[in-house]
Amino acid sequence: MFCSSSRSRRRRRTLSVRVCQLKVLLSLFMVTASSLTIDLVPQCALIGKNVTFSVRGINGKLNSFSWYLGNNPSASDQIINYVVGLTPPTTLGPKNFSDAIGLPNGSLLITNLKDQYSNNYTVQVQSDTANQASINLSVKPKCESGLSPGEIAGIVIGAVSGVGLIAGLIYFVCKYLNNRENV
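Within every chain, residues take consecutive numbers counted from 1 along the sequence as written. With pLDDT at 70 or above as the cut-off, local features in this predicted model cover only qualifying residues; side-chain atom pairs require 80 or more to be listed or tallied, and sums for whole chains, interfaces and linings still use all residues. Hydrogens and waters are ignored; side-chain quantities use all the structure's heavy atoms.

Under an unreviewed UniProt entry, the name given to the protein is Immunoglobulin V-set domain-containing protein, and the source organism is Xenopus laevis.

To qualify as a helix, a DSSP run of H or I must reach at least 4 residues; to qualify as a strand, a run of E must reach at least 2; elements of each kind are numbered from the N terminus. In terms of regular secondary structure, the protein is built from two helices and eleven strands. Element order for the protein, N to C, with α for helix and β for strand: α-β-β-β-β-β-β-β-β-β-β-β-α. Only protein chains enter the accessibility calculation, which uses a 1.4 Å probe. A residue is then buried if its area is under 20% of the maximum for its type, exposed if over 50%, and partly exposed in between. In the protein, which comprises 183 residues, the proportion classed as buried is 25%. In the form shown here, the protein has an accessible surface area of approximately 12300 Å², with 61% of it arising from carbon and sulfur atoms. For accessible areas, the Shrake-Rupley method is used with a probe of radius 1.4 Å. Any residue's cover is judged against the shown protein chains and nothing else.

When a carboxyl oxygen of Asp or Glu is within 4 Å of a side-chain nitrogen of Lys or Arg, the pair counts as a salt bridge. In this structure the tally under the stated criterion is two salt bridges. The partner of R56 in a salt bridge is D39, and the shortest N-O contact between them spans 2.5 Å. Separated by 17 residues along the polypeptide, R56 in strand β3 (residues 51-56) and D39 in strand β1 (residues 37-41) bring together distant segments of the chain. What makes R56 partly exposed here is its relative accessible area of 46%.

Moving on, we come to the UniProt feature "transmembrane region" (unreviewed entry) in the protein. UniProt positions are given in the numbering used here, feature names are shortened, and annotations may be inferred rather than shown by experiment. Following the UniProt record, the feature "transmembrane region" (unreviewed entry) maps to residues 152-174 here. Structurally, residues 152-174 comprises 100% helix and 0% strand, and the distance from its first C-alpha atom to its last is 33 Å.

Within a beta sheet, neighbouring strands are joined by backbone hydrogen bonds and run either parallel or antiparallel to one another. If DSSP finds at least two bridges between two strands, the strands pair. Sheet architecture is open: four strands sit in the order β1-β3-β8-β7, paired in antiparallel fashion. Of all strands in the sheet, those with a lone pairing partner are β1 and β7 (100-102), marking the two edges. Across the sheet, the axes of successive neighbouring strands diverge by a mean angle of 20°, strand direction being ignored. With three bridges connecting them, β3 and strand β8 (residues 108-110) associate as antiparallel partners. Bridged to V51 within β8 is I110. For every element, the axis is a line fit to its C-alpha atoms; helices are fit only across the contacting stretch, and the angle between N-to-C directions ranges from 0 to 180 degrees.

Time to look at a nonpolar patch on the surface. Together, L147, I152, I155, V156 and V160 line one region of the surface with nonpolar side chains, adding up to about 480 Å² of accessible area. Considering the arrangement of structural elements, one finds I152 in helix α2 (residues 149-182). Patch construction takes residues with relative accessible area above 30% that form no salt bridge. Like charges are linked within 9 Å, and nonpolar side chains (Val, Leu, Ile, Met, Phe, Trp, Tyr) are linked within 5 Å.

Counting rule for disulfides: a pair of cysteine sulfur atoms within 2.5 Å. Summed over the entire model, instances satisfying the criterion amount to one disulfide. The disulfide that involves C44 links it to C143, with 1.5 Å between the sulfurs. Here the S-S torsion is close to -105°, and the disulfide linking C44 with C143 is therefore left-handed. In this pair, C44 is assigned in the loop between β1 and β2 (45-46) and C143 in the loop between β11 (139-140) and α2, connecting sequence segments 99 residues apart. Assessed through its relative accessible area of 36%, C143 is described here as partly exposed.

Next up on the list: the sheet that holds strand β9 (residues 119-126). The five strands lie next to each other as β6-β5-β4-β9-β10, forming an open sheet whose pairing is antiparallel. The two strands at the open ends of the sheet, each matched to only one other strand, are β6 (90-92) and β10 (130-137). For this sheet, the mean angle separating the axes of adjacent strands, direction not counted, is 15°. Pairing of strand β4 (residues 64-69) with strand β5 (residues 78-83) involves five bridges; the strand directions are antiparallel. The residue bridging S66 from the neighbouring strand is N81, located in β5.

The next subject is the packing of aromatic side chains. Only centres within 6.5 Å qualify two rings of Phe, Tyr or Trp (six-membered ring in Trp) as a pair; their planes then separate them into stacked at under 30 degrees, edge-to-face at over 60, and tilted for everything else. Counted according to the given criterion, the structure contains five aromatic pairs. Members of the aromatic cluster, each reached through a chain of ring pairs, are F53, W67 and Y121.

Across the chain, each position has a pLDDT score giving the predictor's confidence in that residue, from 0 to 100. Here the protein averages 83 in pLDDT, and 80% of its residues register 70 or above. Contacts are assigned to residue pairs that have any heavy atoms within 4.5 Å of one another. Predicted confidence for residues 24-34 stays below pLDDT 50, and this span has three contacts to residues more than four positions away or in other chains.

Pasting the structure below:
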């Protein structure tokens, strides 16, 4: 009897630790999933074509956003300010150029790309939380084939996650089989 009581307490303690670990992993996932990011669409920006800085990860209702030229937003570097609900919603900044168009979802469309548009761009978003993200635009005469750095990072993250899941599954199966042999 004493052994089964001790084993039972050990199982509860192990379960408690696993639940705690799961909570930590889920909270880390939520922080990662809620961060503001910018995707370049298409990924290769060609001279004379259009590109969209597609903003993702806006938490809650979008109130306003501002796009800036460079990594350090200041009033003198503002391209466009967009306030949802105003008519018209767009106010042009000192660094505005005719090919830059603010979209209602927080994204920025640049039409008729020119070489001089190569620069860093930063967005500041006001929603339920204030967030900021930056992206580098490199306008090219032609696109190179091959994987982008983002695609390579996605493959590496997927591979590491897959190995971790398989290792975890093997651990739990071995633990289960070991516990069955001890009964």
